[in-house]
Amino acid sequence: MGQTSNTFASKRAILLVLDSFGIGNAPDAADFGDAGSDTFGHIARYRAEAGRPLLLPNLARLGLYHAHHLSTGDWAAGVSIPETVEGAYACASEISSGKDTPSGHWEIAGVPALFEWGYFLDRENSFPSELLEALIEQADLPGVLGNCQASGMPILEALGEAHIESGKPIVYTSADSVFQIAAHETHYGLERLYALCEIARELLMPYNIGRVIARPFVGETSETFERTGNRRDYAIEPPSPTVLQKLHDSGGTVLGVGKIGDIYAHCGVSEVRKPHGFEALFDATLDAIDDAGDRTLVMTNFVDFDTLYGHRRDPEGYAGALEAFDRRLPEVLAKLEPGDLLILTADHGNDPTWRGTDHTREQVPVLITGGVIPHGSYGRRDTYADIGQTLAGHLGLSPMEYGRSMLKDSPKDGDE
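Residues numbered from 1 in each chain as written. Predicted model: local features only at pLDDT ≥ 70, side-chain atom pairs only at ≥ 80, totals over all residues. Heavy atoms only, no water.

Colleague: Report on the overall build of the chain, specifying residues and quantitative values.
Modeller: When its secondary structure is counted, the chain shows 13 helices and 14 strands. Projecting the C-alpha coordinates of the chain onto the three principal axes gives extents of approximately 65 × 50 × 35 Å. Classification of the 416 residues of the chain by burial places 61% in the buried group. Long-range contacts, defined as pairs at least 24 residues apart, comprise 69% of the intrachain contacts of the chain with a sequence gap of at least 6. When the 33 positive and 61 negative side-chain charges of the chain are each reduced to one mean point, those points stand 3 Å apart. (Helix = DSSP H or I, 4+ residues; strand = E, 2+ residues; numbered from the N terminus. Buried < 20%, exposed > 50% of the residue type's maximum accessible area, 1.4 Å probe, protein only. Contact = heavy atoms within 4.5 Å. Lys, Arg positive; Asp, Glu negative; His and termini not counted. Charge placed at Lys NZ, Arg CZ, Asp CG, Glu CD.)

Colleague: I'd love a proper account of empty space enclosed by the protein, names of residues and values included.
Modeller: Taken as a whole, this structure holds one cavity of 30 Å³ or more when the rule is applied. As a volume, the largest cavity reaches approximately 40 Å³. As for the largest cavity, its lining consists of Leu18, Phe21, Leu59, Leu64, Leu344, Thr345, Pro365 and Leu367. Those elements that provide at least two residues to the lining of the largest cavity are strand E12 (340–345) and strand E13 (364–369). The residue makeup of the lining of the largest cavity, split by class, is seven nonpolar, one polar and no charged. (1 Å grid on protein atoms, 1.4 Å probe; cavity = no way out; pocket = protein on both sides within 12 Å on 5 of 7 lines; lining within 4 Å. Points joined across faces, edges and corners; volume = space filled by probe spheres on them. Nonpolar A, V, L, I, M, F, W, Y, C, P; charged D, E, K, R; others polar.)

Colleague: Outline helix H13 (residues 385–394), supporting the account with residue identities and numerical values.
Modeller: Of all 10 residues making up H13, nine are buried, and the element is well covered by its neighbours. Here H13 has its buried residues at Ala385, Asp386, Ile387, Gly388, Gln389, Thr390, Leu391, Ala392 and His394. A positive backbone phi angle near 75° is found at Gly396, which sits one or two residues after H13.

Colleague: Before we move on, can you summarise unusual backbone geometry with the specific residues and values?
Modeller: One non-glycine residue, His266, lies in positive phi territory at about 60°. Along the chain, His266 turns up in the loop between helix H9 (260–263) and strand E10 (271–273). Judged by its relative accessible area of 44%, His266 is partly exposed. Here the phi dihedral of Arg313 falls at roughly 50°; this positive angle occurs in a residue that is not glycine. Assignment of secondary structure puts Arg313 in the loop between helix H11 (304–310) and helix H12 (315–333). The class for Arg313 is buried, based on a relative accessible area of 17%.

Colleague: Outline helix H5 (residues 129–139), listing residues and values.
Modeller: Those residues of H5 that sit buried are Leu131, Leu132, Ala134, Leu135 and Ala139. An end-on view of H5 places all buried positions within 160° of arc, on one side of the element. Along H5, the residues that are exposed and aim more than 90 degrees away from the buried face are Glu133 and Glu137. Contact partners of the buried residues in H5: strand E3 (145–149), strand E4 (170–173), strand E5 (178–184) and helix H7 (185–203). The positive-phi residue at the C-terminal boundary of H5 is Asp140, with phi of around 55°. (Arc of directions from axis to C-beta.)

Colleague: Go over the layout of surface pockets, please, and point to the residues and values.
Modeller: Roughly 420 Å³ of internal volume is contained in the largest pocket. Taken together, 22 residues make up the lining of the largest pocket; nearest its centre are Thr228, Gly229, Arg231, His276 and Val303. Of all elements in the fold, only strand E6 (211–218), strand E7 (226–227) and H11 reach the threshold of two or more residues within the lining of the largest pocket. Looking at the lining of the largest pocket, its residues break down into five nonpolar, seven polar and 10 charged. Considering only enclosed or pocket space, the second largest pocket measures out at about 310 Å³ in volume. As for the second largest pocket, its lining consists of 24 residues, of which Gly152, Ser174, Gln180, Arg215 and His311 are closest to the centre. Looking at the lining of the second largest pocket, the elements with two or more residues in it are helix H6 (152–166), E5, E6 and H11. Grouping the amino acids of the lining of the second largest pocket by side-chain chemistry returns six nonpolar, nine polar and nine charged.

Colleague: How would you sum up the packing of aromatic side chains? Please name residues and give values.
Modeller: Per the stated rule, a full pass over the model turns up 18 aromatic pairs. For the pair Phe217 and Phe225, a centre-to-centre distance of 5.1 Å together with 80° between the ring planes defines the contact as edge-to-face. Each of the two residues, Phe217 as well as Phe225, counts as buried. With a centroid separation of 6.5 Å and 50° between ring planes, the pair formed by Phe278 and Phe325 is classed as tilted. Of this pair, Phe278 sits in helix H10 (residues 278–291) while Phe325 sits in helix H12, and the two are 47 residues apart along the sequence. The same class applies to Phe278 as to Phe325, namely buried. (Phe/Tyr/Trp six-rings, centres within 6.5 Å; stacked < 30°, edge-to-face > 60°.)

Rendered as structure tokens:
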């Protein structure tokens, strides 16, 4: 069976990215040191061993548990498998060279990152001296703190007070292609931090670094520091037009909720809505769906799964966040109109039981509903770009260079 949405007067698409919600290691995970990682499976096992099985009935009905079974060959521990699946489901592997946010999102939108990103691999003294000297000079800084690989909250706890006292911003990196700058919102100034990041973005272009991230925080002591919702990502532009750009350029509308605008360097994003926190993101998504007209894509990134629970290696927090998402999912389903396409997916993994604090190379779920695609298994997808190709077909756009539209396929028997 193929696409049937051309019988409807209106075509809208809603794409929800559960940031970091992997469902089992990718075929090439060993190349990244991630063989055996499984964000969803290990969270379910953690809960099952605690005697409190993970409860995700709405995601399960759309095919989440079946997609995980496709990916790993095993059923997640402790979950109740639904008798019927009321959606199209698949698992997808990544062909981009990295396991970072831009690579995953670009590939979801039909443009894999097939080049090699630049990285700062040294754990200490991570950045070249000439880079820091240029940043200090151009931004008129008294110096910088950090200059290392670090996780966000530990480095604030270690250096936040020294930052307030000295006026020196904190610079650090991770296993991703990032240059992060933390500074206090009031003692240093939010706009001053943004201006510093813009200088850093230009200086880092020769290094092919994917993102400069502004990490503002508040509080007065190491015990009271907390990051705020005024984070801003300065990403390089995708190497070719994404499905977002194609829709925008053809007269359609892209409503980006959360950090979607930043991830795509604001290319093809018609309007940015940037609330902070899970509940606010969900509310803003519902509002965007209400405001969406014909040929509109609503795209939301639910970042808390990644930043609050994956990177902080908190399986209990991740489990609770998944259950909170599942409880609210019917609110989205209730807003679907004939001709709408709803896709739920992820951009990489971040197994909260895994070693370290970095992303994990995993397959991701692709769960689709909305009445324009038959229910059932759509198998293993070779690239996240199948999502972008599916969106292009649904929204009447020219085909993307990569990926195969799931609207052109028929469901398979069982979990093939």
